[in-house]
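# Examining the three-dimensional arrangement
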Amino acid sequence: MYAGPGVKTSPDFPIPDKMKAWILGNPGELKLTEKAVPVPKRAEVLVRIDAVAICATDLEIIDYGSPAMIEGGKPFNKNFTPGHEYMGTVVALGPGVDEYKIGQRVTVEIHAGCGQCKRCREGMYTSCHNYGLNYGDVDKGHRANGFTTDGGFCEYQVNNINTLVAIPDIMSDEEATLVVTAGTAMYGLTELGGLVAGESVVVTGPGPIGLLGVAVAKAMGATPVILTGTRDNRLKIGKELGADHVINVRNENVVEAVKRLNGGKGVDYVVECSGAANAVTEAVRMVNRGGKVCLAAFPHEETPVDVAHIVRNNIYLFGIRGEGKSATHRAEAFMSQKRFDATKIHTHTFALDDLPTAIRYAKDRVDDAIKVVVKAKGVSAHRVAAE
Ligand SMILES: [Zn+2]
Ligand SMILES: [Zn+2]
């Protein structure tokens, strides 16, 4: 029977001993297997995973390994379950946990820092200095589910209570998986100073973080909000999420177009979500003197940067990792207040057993897929309206 020392469960949510779980074999290889349902320890709960979204970073991890790090190295053939953008229901409480109740719906953020390093003590748990040190005799208690510990492509997972975000019943399972994506965009704007009301913002790259970056910037009062990209169908969704202007970079010089749309001046902030090779240099040319650029995408290659332009113009560059400084809570507040409709980027839902198909849709953008969600409770594959 499922149990652990001091763990509380409820007959309303019976927990099996074993669960379905996908594991990463060789690069690109996912296998469906069975694992023991994990047991929460102090400051942890067990979450029954009701929905999990596929992120571009999952695709990166499945094919190349990084930025996941398991037992100090690449995650291949280590019985590792990826997946990090999930939501679900709390079904068991670790010893002493009274912050959440059994039966409560939650969505999760990824990083639970060690709580004892310099950065964690500064509140920067996504930059924990003990990243990935959570095994054997180097266990510092750090967890980043789907990166350094088992993630959400399975039926149950343990989460530190610091990674939970309570969600209202009016928020659907699918929408709740997008809170962490909006939270990442929110963290980018937080690191840029957070006070963007009345300030001009460019978001480059209409992927999920870029599109929700537009929505969050608009909800925070930025004006104008300009979205740049190469695909008109994605730019159209950006307009629906609040972009005042969109620029297809294939059709015009993007730096000149940004300046023209902002009264001849560069903008105050750029949130770079494209990862394109020329993106950083273009971003620093889009901002006005003293402007700030947040880098939220990671390119595969080293990218050239016009350092002289940055120095002459006192431009600030920030790199962000993940969804730090409790930004998911602020993003969830905007979403539960219906300040924007994040579900516009959710396009497809598949059953957990169909994960490889779901991944193919996300990777190859089959049928214009943007966010693909997988649900453990049997659902037949379907497309939902993004139009
Ligand atoms: Zn992600
Ligand atoms: Zn730490």
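On a predicted model such as this, the values are computed, not experimentally measured, just so you know. Along each chain, numbering runs from 1 in the same order as the chain's sequence is written. Here every chain gets a letter starting at A, and every ligand a number starting at 1, in the order they are written. In keeping with the model being predicted, local features are shown solely for residues with a pLDDT of at least 70 and side-chain atom pairs are shown and tallied solely at 80 or more, while totals for entire chains, interfaces and linings include all residues. The basis for every side-chain value is the complete set of heavy atoms in the structure, and neither hydrogens nor water enter the calculation.

Let us now look at the overall build of the protein chain. Counting its regular elements, the protein chain contains 11 helices and 18 strands. The C-alpha extent of the protein chain, read off along each of the three principal axes, is 70 × 45 × 40 Å. For every residue, the accessible area (1.4 Å probe, protein chains only) is compared with the maximum for its type, and the residue is labelled buried under 20%, exposed over 50%, or partly exposed between those bounds. Counting over 387 residues, the protein chain shows a buried share of 55%. Of the contacts made within the protein chain by residues no fewer than 6 positions apart, 69% connect residues no fewer than 24 positions apart. Accessible areas in this description were obtained via Shrake-Rupley with a 1.4 Å probe; residue shielding takes into account the shown protein chains only. For the protein chain, the accessible surface area stands at approximately 16200 Å², while carbon and sulfur atoms represent 49% of it. Mean positive and mean negative side-chain charge positions of the protein chain (43 and 45 charges, respectively) differ by 4 Å. Where helices and strands are cited, they refer to DSSP runs of H or I of at least four residues and of E of at least two residues respectively, numbered from the N terminus. We call two residues in contact when some of their heavy atoms are within 4.5 Å. By the counting rule applied here, Lys and Arg register as positive and Asp and Glu as negative, while His and the ends of each chain are not counted. A charged residue contributes its charge at one atom only: NZ of Lys, CZ of Arg, CG of Asp or CD of Glu.

Time to look at the coordination of the zinc ion (ligand 1). Distances decide who is a donor: an N, O or S atom must be within 2.8 Å of the metal, or within 3.2 Å for Na, K and Ca. Water is not included, so sites may look incomplete. Ligation of the zinc ion (ligand 1) by protein atoms is provided by Cys55 (SG), His84 (NE2) and Glu85 (OE), these donors lying 2.0 to 2.3 Å from the ion. Binding-site remark: the zinc ion (ligand 1) is held by donors from one chain whose sequence spacing is C-x28-H-E. A relative accessible area of 2% places histidine 84 in the buried class.

Bringing the coordination of the zinc ion (ligand 2) into the picture now. Of the protein atoms, only Cys114 (SG), Cys117 (SG), Cys120 (SG) and Cys128 (SG) coordinate the zinc ion (ligand 2), at distances of 2.3 to 2.4 Å. In this structure, the zinc ion (ligand 2) is surrounded by four donor atoms whose angles at the metal cover 101 to 116°, and the resulting shape is tetrahedral. Given a relative accessible area of 14%, cysteine 120 falls into the buried group. Angular criteria define each label, namely tetrahedral for four donors with all angles between 85 and 135 degrees, square planar for four and octahedral for six donors with opposite donors over 155 degrees apart and remaining angles between 65 and 115, and irregular for whatever fails these tests.

This part is about the sheet that holds strand E11 (residues 225–229). Two strands in a sheet stick together by hydrogen bonds in their backbones, pointing the same way (parallel) or opposite ways (antiparallel). DSSP bridges decide pairing: two strands pair if at least two such bridges lie between them. Spatially, E12-E11-E10-E13-E14-E15 is the arrangement adopted by the six strands of the open sheet, whose pairing is parallel. Here the strands that pair on one side only, and so sit at the sheet edges, are strand E12 (245–248) and strand E15 (316–319). Adjacent strand axes in the sheet meet at a mean angle of 15° when their direction is disregarded. Of the strand pairs in this sheet, strand E14 (residues 287–295) and E15 are connected by four bridges, and their pairing is parallel. By the bridge assignment for E15, cysteine 294 is matched with phenylalanine 318. Each axis is a line fitted through C-alpha atoms, and for a helix only the stretch in contact is used; angles between axes span 0 to 180 degrees, taken between their N-to-C directions. Packed onto the sheet, helix H7 (residues 254–261) meets strand E10 (201–204), E11, E12 and strand E13 (267–272) and runs at close to 165° relative to E12. In the packing of helix H8 (residues 279–286) onto the sheet, the strands contacted are E10, E13, E14 and E15, and the crossing angle to E14 comes to about 145°.

Now for the environment of asparagine 26. With respect to the element layout, asparagine 26 can be found in the loop between strand E1 (18–24) and strand E2 (30–36). Of the residues examined, asparagine 26 reaches a relative accessible area of 41% and is grouped as partly exposed. Distance in space between the C-alpha atoms of asparagine 26 and valine 196 is 44 Å, their sequence separation being 170 residues. Non-local contacts of asparagine 26, meaning those with residues more than four positions away in its chain, are made with Phe76 and Asn77. What qualifies as a polar contact is a pair of N or O atoms within 3.5 Å, subject to a donor-acceptor requirement within protein and to the restriction that residues adjacent in sequence count only when both atoms come from side chains. Within the local environment of asparagine 26, its side chain forms a polar contact with the side chain of asparagine 77, the two groups lying 2.8 Å apart.

With that out of the way, let us pick up helix H10 (residues 327–336). For H10, the full list of buried residues reads Ala327, Thr328, Ala331, Glu332, Phe334 and Met335. Along H10, the residues classed as buried sweep out an arc of 160° about the axis, all on the same side. Elements that come into contact with the buried residues of H10 comprise strand E9 (164–166), helix H3 (173–176), helix H4 (179–191) and helix H5 (208–219). As used here, the arc belongs to the directions running from the helix axis to the C-beta atoms.

Let us look at the state of the cysteines. Throughout, a disulfide means two cysteine sulfur atoms within 2.5 Å of one another. Evaluated as defined, the whole model comprises zero disulfides. Not part of a disulfide, cysteine 294 finds its nearest cysteine sulfur in cysteine 273, a span of 7.2 Å.

A few words on the pattern of salt bridges. Whenever a carboxyl oxygen of Asp or Glu lies within 4 Å of a side-chain nitrogen of Lys or Arg, that contact is scored as a salt bridge. Enumeration according to the criterion identifies 16 salt bridges in this entry. A salt bridge links arginine 260 to glutamate 252; the nearest nitrogen and oxygen atoms lie 3.3 Å apart. Through salt bridges with shared partners, a single network forms among Arg105, Asp173, Glu174 and Lys375.

This part is about H5. For H5, spanning 12 residues, the distance from its first C-alpha to its last is 16 Å, which sits close to the expected 16 Å at 1.5 Å a residue. Buried residues dominate H5, accounting for nine of its 12 residues. All buried positions along H5 are accounted for by Gly210, Leu211, Leu212, Gly213, Val214, Ala215, Val216, Ala217 and Ala219. If you follow the buried residues of H5, they end up packed against H4, E10, E11, helix H6 (232–240) and H10. Here, expected helix span is obtained from the residue count minus one, scaled by 1.5 Å.

Here asparagine 262 is to be found in the loop between H7 and E13. Overall, asparagine 262 belongs to the buried group, its relative accessible area being 18%. A polar atom in the side chain of asparagine 262 sits 3.1 Å from the backbone oxygen of glycine 266. Not counting chain neighbours up to four residues away, the residues in contact with asparagine 262 comprise Ser200, Pro224 and Val267.

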